Amino acid sequence: MARGRLRIYLGAAPGVGKTYAMLEEGQRLASAGADVVVGFVEPHGRRPTAALAEGLEIIARRAMEYRGASFTEMDLDGVLARQPQVALVDELAHTNVPGSRHAKRWQDVEELLDAGIDVVTTLNVQHLESLGDVVRQITGVPQRETLPDEVARRADQIELVDLPPELLRRRMLHGEIYPSDRIDAALTHYFRVGNLTALRELALLWLADRVEEGLQRYRAEHGITTPWETRERIMVALTGGPEGDTLIRRSARISARVPGSELLALHVVPSDGLTHGDPATLAAQRALVESLGGSYHQTTGDDIPEALLQFAEAENVTQIVLGASRRGRLSTFLRGGVGHRTIRRSGPIDVLVITHEHAAGSTSALRLPHPSRATGPRRFWTAMLLAAITLPGLTALLVLLGEHVDLSLALVLYLLAVVVVALVGGLAPALVAALAAGLLADYYFTPPMHSLRVQHLADVIALVVYVVTAVIVGMAAGAAARSTYQAVRASSEARALSRLATAMMHGQDLPALLEQVREDFGLEAVSLLERDTGHAAEPRWYVVASTGEDPPERPYDADVDSPVGDDLTLAARGRPLSSDDQRVLGACAAQLGMAYSHGRLAAHDAETGLRAAAEHTRTSLLLTASRDLRGPLRTADEALDGVGVGVGTDTRESRNLAIARSSVRRAVQLLSDLDELSRLHAGALDLYLRPVDLDELLTAVLDDLGPGGHMIQCSLPELLPDVIADAAVLTRVLTALAAEAQRHSPPDRPARLTGKTRSGQVEIHMTDGTNDEVQGAERGTHPSRTPDSLTLRMCRDLTETMGGTLETAAVGPGFAVTLRLPAAASRRPITPSAPSPTEDQ
């Protein structure tokens, strides 16, 4: 017997509609002629879900007793005896009551599948066994009912039932998921937006992995060898050393093997100053990263592994690529390598250590500490030169003094020289000077002379105490020098940042601010660059502001650059900057970015203010013109009435007078519409929304139109609900639309007003006599030719204020509009006092 097929409806959380989708599929299969039974369904008190199971054959559940309580489970034997084509079984990860044939429901489903029965079932992503730890971290709730991933992977079809977190919480608030006594607790704990979003992402990623497995099987069947892997975010750490290019290319190859993955490069500028990258090398590596489709980032941190991991956690990095250490084994043992410390703290993030040709070998010797920026490279070499001159000179002087100098005096003078060297260059030169002075004292002033051997124990002790004392004094002097340097450095940095902030407060423009930065750092030229985001294939930059000779126009052309954001960077050309200088330059760049952003906002606000002032002026002029024109038009109307006395009714003069009178009254109506529109936009229109009876409203509309003119044919259904509107405003709108329809109607064809109900709204169609078919206004088979006049604009704005819509639509050259308003809940027949379904005015 062929094995049955398994179909799973997967959801991120309870309430997304898995059971409903399963029952819908069962109804669809049953209507197509399949033999479908409900093996087990749990509607959880949701009436729409329970109603959907009606009409399907339901296998009665099997009652069971456990610890004095009654339970019901799926009757597995009953379903097997019934032998349907399809069985609907809810909650695949459910744990059966003890005493059942199988411990888990998925085992019952396996037996059904082995019997050749197709099964449609449901599953929440939090029940997958491989995701149990992740779900517990997200929700804080351990999952007791789990399903082996292999069972779900063997499914023939998995369909995701998805709802946005906000909609799912709204369903919860309406009581469509849990009873009312559980809603508040669920919303504040499990059903938080963050939890639901994370579970939704888990479901999407897990299902994407299953889709990828299917694609891999397809490629294997068709001989496609290109690999497909899980989406990754790969970060490569750059030190600015020569190994960076190797690491970038290796990381790019790893990223290329994973569709949809992202490549990020990060350079950490250490604030302790022990190491710093070459700016030119970093600029070249940044260009290489971006050419390979990655993005370059830079951060500052005292602890490099901690800075790497903080950035990785913030960017959801899955793999960190590091280069093998260039330091020797002894140095790594004493201090601990960056790679080792990063691996130890990385947690779930994978760390790949890539070897390269610049990595240290096993025979590397212990290196001296790099010259510290606390004294600077120049002072380091100055101190070394001072030691090289002072110690031989002092030794020569002491040798000339001969018998007047003993070991104790020599050691004291040597100690003084070591202190001077330490004050100039710090610890490293002091250590070298102390060792060299000890050897000189042993060779020239310790018996036996001119030999490194020591004859008396007291001399050995004196030399050892001297070396130890010199090292300690050198450390103290170096620390003092470093503290002094750091204090001076901090004062200089604060003064530079303060000057820049003061200049910004005084409103200096960007070129002046850039010039100040250029002077502070001794650079040749500085530019503030912004990326044109409209050219994603190849980044295009343009200069916001610049100063100096030949300022850089791209970050790659600069000797030093400091990104402000994704699309803004400060680029400079000139001398290489130390990491401390780069850190301060980054702070200055951030301030310049703020100044640029504030300038743009100020310009936008000024432009908005000008537009508002122009709009206010235009509105005031229109209102003034409306008031000034109303009197002359009323006088012209009265004069036309006086001229018409004694003129024949069917003469050319009478027709011209009628046209003139109609035009004047049309102008008066337009002025009235303009006043109404101005009041609406000024917020001076008060609305009272309530159910309004259309048949009563149409009586008022026909009265407002007055006698004469063309006829209007009204056609409304017997049962038409009230609309939610303001009666006075709606009367104004319908009167204006009816007048427009009359104006466009031929003399022998009346305008038409029809209504109907659709999707909880009442639709009112107003057409002129050229549109004989009422449905013509709905079909909209041709672009509307209805002119968008001032009256139509007023009617549209008034309708939208009441919560409705007004659209122009026509099948021909005539006038046709459709007005939609919310329908009230109740329906009632048209009363006898209203116009008949077909009434002419």
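Residues numbered from 1 in each chain as written. Predicted model: local features only at pLDDT ≥ 70, side-chain atom pairs only at ≥ 80, totals over all residues. Heavy atoms only, no water.

This part is about the pairing of strand E4 (residues 62-66). Of the strand pairs in this sheet, E4 and strand E5 (residues 69-73) are connected by five bridges, and their pairing is antiparallel. Residue pairing in the sheet places Met-64 in a bridge with Phe-71 of E5. Hairpin connection, E4 to E5: the antiparallel pair is bridged by two residues, and Arg-67 has positive phi, about 55 degrees. (Pairing = 2+ DSSP bridges. Helix = DSSP H or I, 4+ residues; strand = E, 2+ residues; numbered from the N terminus.)

Turning our eyes to something else, we now look at the pattern of salt bridges. The full count for this structure, using the stated rule, is 25 salt bridges. Between Arg-28 and Glu-25 there is a salt bridge whose closest N-O contact spans 2.6 Å. You can see Arg-28 and its partner Glu-25 sitting in helix H1 (residues 18-31), three residues apart, about one turn around the helix. You can call Glu-25 buried: its relative accessible area is 8%. For Asp-561, the salt bridge is made with Arg-286, and the minimal N-O distance between the two is 2.1 Å. (Salt bridge = Lys/Arg side-chain N within 4 Å of Asp/Glu carboxyl O. Buried < 20%, exposed > 50% of the residue type's maximum accessible area, 1.4 Å probe, protein only.)

All right, on to a nonpolar patch on the surface then. Taken together, the side chains of Leu-457, Val-460, Ile-461, Val-464, Val-465, Val-468 and Ile-472 present a nonpolar region at the surface, about 620 Å² in accessible area. Its location among the elements puts Ile-461 in helix H18 (residues 457-505). A residue is classified by how much of its surface remains accessible, and Ile-461, at 47% relative accessible area, is partly exposed. (Patch = residues over 30% accessible without salt bridge, like charges linked within 9 Å, V, L, I, M, F, W, Y side chains within 5 Å. Areas by Shrake-Rupley, 256 points an atom, 1.4 Å probe, with all protein chains shown as cover.)

Taken in spatial order, the four strands line up as E15-E14-E17-E16 in an open sheet, and their pairing is antiparallel. The open sheet terminates on both sides in strands that have one partner only, identified here as strand E15 (540-548) and strand E16 (560-563). The sheet shows a mean angle of 20 degrees between the axes of neighbouring strands, direction not considered. Where strand E14 (residues 525-532) and strand E17 (residues 568-573) come together, six bridges link them in antiparallel fashion. Looking at E17, one finds that Val-526 is bridged to Ala-572. (Axes fitted to C-alpha atoms, helices over the stretch in contact; angles between N-to-C directions.)

All right, on to the packing of aromatic side chains then. Two aromatic rings, taken as a pair, are described by how far apart their centres are and by the angle between their planes. According to the stated counting rule, one finds one aromatic pair in the structure shown. For the ring pair Tyr-443 and Tyr-444, a centre distance of 5.0 Å and an interplane angle of 75 degrees mean the geometry is edge-to-face. Judged by relative accessible area, which is 32%, Tyr-443 ranks as partly exposed. It is Arg-105 that lies over the ring of Phe-40; its NZ or CZ is 3.8 Å from the centre. (Phe/Tyr/Trp six-rings, centres within 6.5 Å; stacked < 30°, edge-to-face > 60°. Lys NZ or Arg CZ within 6 Å of the ring centre and 35° of its normal.)

This part is about the nonpolar core. If you look at the biggest cluster of nonpolar residues, it comprises 63 residues, and the most contacted ones within it are Leu-88, Leu-112, Leu-147 and Phe-191. The residues touching Leu-147, leaving out its near neighbours within four places in the chain, are Leu-92, Ala-93, Trp-106, Leu-123, His-127, Leu-128, Glu-129 and Ala-152. Listed in part, the 35 residues of the second largest apolar core include Val-701, Ala-727, Ala-736 and Ile-764. (Core = buried A, V, L, I, M, F, W, Y, C linked by side-chain atoms within 4.5 Å. Contact = heavy atoms within 4.5 Å.)

A residue-level look at the protein chain finds 78% of positions with pLDDT of 70 or above and a mean pLDDT of 78. Across residues 360-374, confidence stays below pLDDT 50; counting only partners more than four residues off in sequence or on other chains, it has 25 contacts. For residues 772-786, every residue scores under 50 in pLDDT, and the model assigns this stretch 32 contacts once sequence neighbours within four places are set aside. (pLDDT = per-residue confidence, 0-100.)

The subject of this paragraph is a positive patch on the surface. Side chains of Arg-249, Arg-250, Arg-253 and Arg-257 sit close together on the surface and give a patch of like positive charge. By the element assignment, Arg-250 lies in helix H10 (residues 244-256). (Lys, Arg positive; Asp, Glu negative; His and termini not counted. Charge placed at Lys NZ, Arg CZ, Asp CG, Glu CD.)

The next point concerns the packing of helix H23 (residues 727-744) against helix H25 (residues 790-801). Their axes nearest at 10 Å, the elements H23 and H25 cross at an angle of 150 degrees. Between H23 and H25, the angle falls in the class roughly antiparallel. The two elements H23 and H25 meet at a crossing, and its hand is left-handed. Seen from H23, the contacting residues are Val-729, Arg-732, Val-733, Ala-736, Leu-737 and Glu-740; seen from H25, they are Thr-791, Leu-792, Met-794, Cys-795, Leu-798 and Thr-799. (Parallel < 35°, antiparallel > 145°, perpendicular 65-115°, else oblique. Left-handed = near helix turned anticlockwise from the far one by under 90°.)

When two helices pack together, you describe them by how their axes are tilted relative to each other and by the distance separating the axes. Orientation of helix H12 (residues 304-314) relative to helix H14 (residues 338-345), taken along the N-to-C sense of each, is 45 degrees, at an axis distance of 9 Å. By the criterion of interaxial angle, the relationship of H12 to H14 is oblique. Relative to H14, H12 is oriented so that their crossing is right-handed. Here H12 contributes Ile-304, Pro-305, Glu-306, Leu-308 and Leu-309 to the contact with H14, which in turn contributes Val-338, Arg-341, Thr-342 and Arg-345. Here the residues of the contact of H12 with H14 are counted per class, giving five nonpolar, one polar and three charged. (Nonpolar A, V, L, I, M, F, W, Y, C, P; charged D, E, K, R; others polar.)

Quick look at the environment of Ala-441 now. When you line up the elements, Ala-441 lands in helix H17 (residues 427-445). According to the relative accessible area criterion, Ala-441 is buried, its value standing at 0%. Sequence separation of Ala-441 and Asp-406 is 35 residues, and the distance between their C-alpha atoms is 9.8 Å. Here Ala-441 is in contact with Leu-407, Leu-411, Tyr-414, Thr-446 and Leu-463, once residues within four sequence places are set aside.

Let's shift gears to the sheet that holds strand E19 (residues 712-715). Strand order across the open sheet formed by five strands is E19-E21-E22-E24-E23, with mixed pairing between neighbours. The sheet is open, and its two edges are formed by E19 and strand E23 (805-808), each paired on a single side. Each strand of the sheet is rotated relative to its neighbour by a mean of 15 degrees, with strand direction disregarded. Where E23 meets strand E24 (residues 816-822), four bridges bridge the pair, whose relative direction is antiparallel. Across the sheet, residue Thr-808 finds its bridge partner in E24, namely Val-817. The strands touched by H25 are E23 and E24; relative to E23, the strand with the most contacts, the crossing angle is about 150 degrees.

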